[in-house]
Amino acid sequence: MILEQIATGGCQSYLVGCSDSSSAALIDPEISQIDHYLALAARDGLRIRYLIDTHTHADHFSATRQLARQLAVPVLMYRTSAAPFVDMRIGDGEMVMLGRLRLQVMHTPGHTSDSMCLQIEDSVFTGDTLLIGGTGRTDLPSGDPEALYDSLFQRLLKLEPKVRVFPAHDYKGRQSSTIGEEIASNPRLQKRDRAAFVDMMRELNLSMPRHVTEALRTNMSGGKSVAQLLAEAAARVPFMSLPELKARVEAADEDLIVLDVREREAYESGHVPGARLLPRGQLELRVNQELPDPTRRILTCCELGQVSTLAAATLREMGFPHVVALDGGMKAWRVAAYPLNSGAEP
Ligand SMILES: [Fe+2]
């Protein structure tokens, strides 16, 4: 078995492959690591055959759907998962084949109702059902402390003590543990009475993970996160640095149209000398009047450099091949004490 563990903050993803057949599965991939996963698979001589989410994640952005499109391989989740883009729904006690490896599913509801653990040989990928020195929380949508108790004590912890545990999270940089070590020392597993365990889980009072609404929205629908939209736009446009723009403004470069896409109030309070105003919200509707010549060089700018990236990508899509976005925004321009005009341009 070939195993790569990839951490993204506290989130853990796993690339697991069969060394004989070179076929592999990617477990709980995160959207910002797509190139990393593909590079590791290439380095290890693996072909990814399955993209697996152990459950509907509320705290990271799953890469399964995007990778499924890119690689033309199925997304696999537990059979009751809400995500409409799941290609292969799998049930408790079922397996998928990875060459000579068998990846066996154990349904372990509790953290979410669609949580499953995946056992391959002497390793178990526990998702957020069992963590090193912890368990998944049960206070997010479809969480259930009673179900988690049953999943742990009736199922998962009955595996052999030597089975290695690979969780979907670890915030302390640890990589794995074993079932035996967790039974012995995991503080949450010391409440072996069902009611005491359930009370402990109900009293945890954890703060909500960051981006929970956005993560659930995108992971359950297959839609895109804001960061993903920005990254896709940024990949389609060239950028110009602040000092380069300043030099061009000072040289009175007539060839470059600086297009400020903020609202009028922000523009009038201070903009790049000579910049024209065309708020992002009006861009598509006013572009024909404001920018009649699509062959002009145009630079978009905004407050932070994100909306201007989206605007530049939109303009390129609309047939302006010489649009670039400012690398940074007016906030950084002001911090650098670069020249500003206020009010309307003549
Ligand atoms: Fe989770």
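These numbers were taken from a predicted model, which means no experiment stands behind them.

**Focus: the overall build of the protein**
Scanning the protein from terminus to terminus reveals twelve helices and 19 strands. Its C-alpha atoms give the protein a radius of gyration of 25 Å, more than 25% over the compact-globule value 20 Å for 346 residues. Once the C-alpha set of the protein is aligned to its principal axes, its extents read approximately 75 × 45 × 30 Å. Partitioning the contacts of the protein with sequence separation of at least 6, the portion at a separation of at least 24 is 62%.

**With respect to the UniProt feature "domain: Rhodanese" (unreviewed entry) in the protein**
In this numbering, the UniProt entry assigns the feature "domain: Rhodanese" (unreviewed entry) to residues 252–342. Taken end to end, residues 252–342 has its terminal C-alpha atoms 18 Å apart, with 34% of it in helix and 18% in strand.

**Brief notes about the domain arrangement of the protein**
According to the domain assignment, the protein consists of domain 1 (2–224) and domain 2 (229–335). Each of domain 1 and domain 2 was reduced to a C-alpha centroid, and the two centroids are 42 Å apart.

**Here's the deal with the nonpolar core**
Core analysis: the largest hydrophobic core is formed by 53 residues, its most contacted members being Leu15, Ala24, Ala25, Leu26, Leu51 and Leu118. Not counting residues within four places of it along the chain, the set of residues in contact with Ala24 comprises Leu15, Val16, Gly17, Ala41, Leu46, Arg47, Ile48, Arg49 and Leu98. The next biggest cluster of nonpolar side chains, apart from the first, holds 27 residues, and it includes Leu242, Val261, Val307 and Leu315.

**Regarding unusual backbone geometry**
For Asp28, which is not glycine, the phi dihedral falls at a positive 55 degrees. With respect to the element layout, Asp28 can be found in the loop between β3 (23–27) and α1 (34–43). A residue is classified by how many C-beta atoms lie within 10 Å of it, and Asp28, with 28 of them, is buried. Unusually for a residue other than glycine, His211 sits at a positive phi of about 60 degrees.

**Focus on the packing of helix α3 (residues 145–155) against helix α5 (residues 194–202)**
The description of two packed helices rests on the angle between their axes and on the distance between the axes. Closest axis-to-axis distance for the α3/α5 pair is 9 Å, and the angle between their directions is 125 degrees. Our classification of the angle between α3 and α5 gives oblique. The element α3 and its partner α5 pack so that their crossing is right-handed. Between α3 and α5, the contacting residues are Pro145, Glu146, Leu148 and Tyr149 on the first element and Arg194, Phe197, Val198, Met201 and Arg202 on the second. Residue composition of the contact of α3 with α5, by class: six nonpolar, no polar and three charged.

**A look at the sheet that holds strand β10 (residues 123–127)**
Sheet architecture is open: six strands sit in the order β7-β8-β9-β10-β13-β14, paired in mixed fashion. Two strands bound the open sheet, and with one partner strand each, they are β7 (95–98) and β14 (177–178). Of the pairings in the sheet, the one linking strand β9 (residues 116–120) to β10 comprises three bridges and is antiparallel in character. Bridged to Ile120 within β10 is Ser123.

**With respect to helix α2 (residues 64–71)**
Thr64, Arg65, Leu67 and Ala68 are the residues of α2 that are buried. Around the axis of α2, the buried residues are gathered within 165 degrees of arc, so they sit on the same side. Where α2 is buried, its residues meet β3, α1, β4 (47–52) and β5 (75–78). Of the residues trailing α2, Ala72 is marked for its positive phi of about 55 degrees.

What counts and how
- Residues numbered from 1 in each chain as written.
- Predicted model: local features only at pLDDT ≥ 70, side-chain atom pairs only at ≥ 80, totals over all residues.
- Helix = DSSP H or I, 4+ residues; strand = E, 2+ residues; numbered from the N terminus.
- Rg over C-alpha atoms; globule rule 2.2 N^0.38 Å.
- Contact = placed C-beta atoms within 7 Å.
- UniProt positions renumbered as here; feature names shortened; annotations may be inferred.
- Domains from an automatic or database assignment.
- Core = buried A, V, L, I, M, F, W, Y, C linked by C-beta atoms within 7 Å.
- Buried ≥ 20, exposed ≤ 12 C-beta atoms within 10 Å, placed from the backbone.
- Axes fitted to C-alpha atoms, helices over the stretch in contact; angles between N-to-C directions.
- Parallel < 35°, antiparallel > 145°, perpendicular 65-115°, else oblique.
- Left-handed = near helix turned anticlockwise from the far one by under 90°.
- Nonpolar A, V, L, I, M, F, W, Y, C, P; charged D, E, K, R; others polar.
- Pairing = 2+ DSSP bridges.
- Arc of directions from axis to C-beta.

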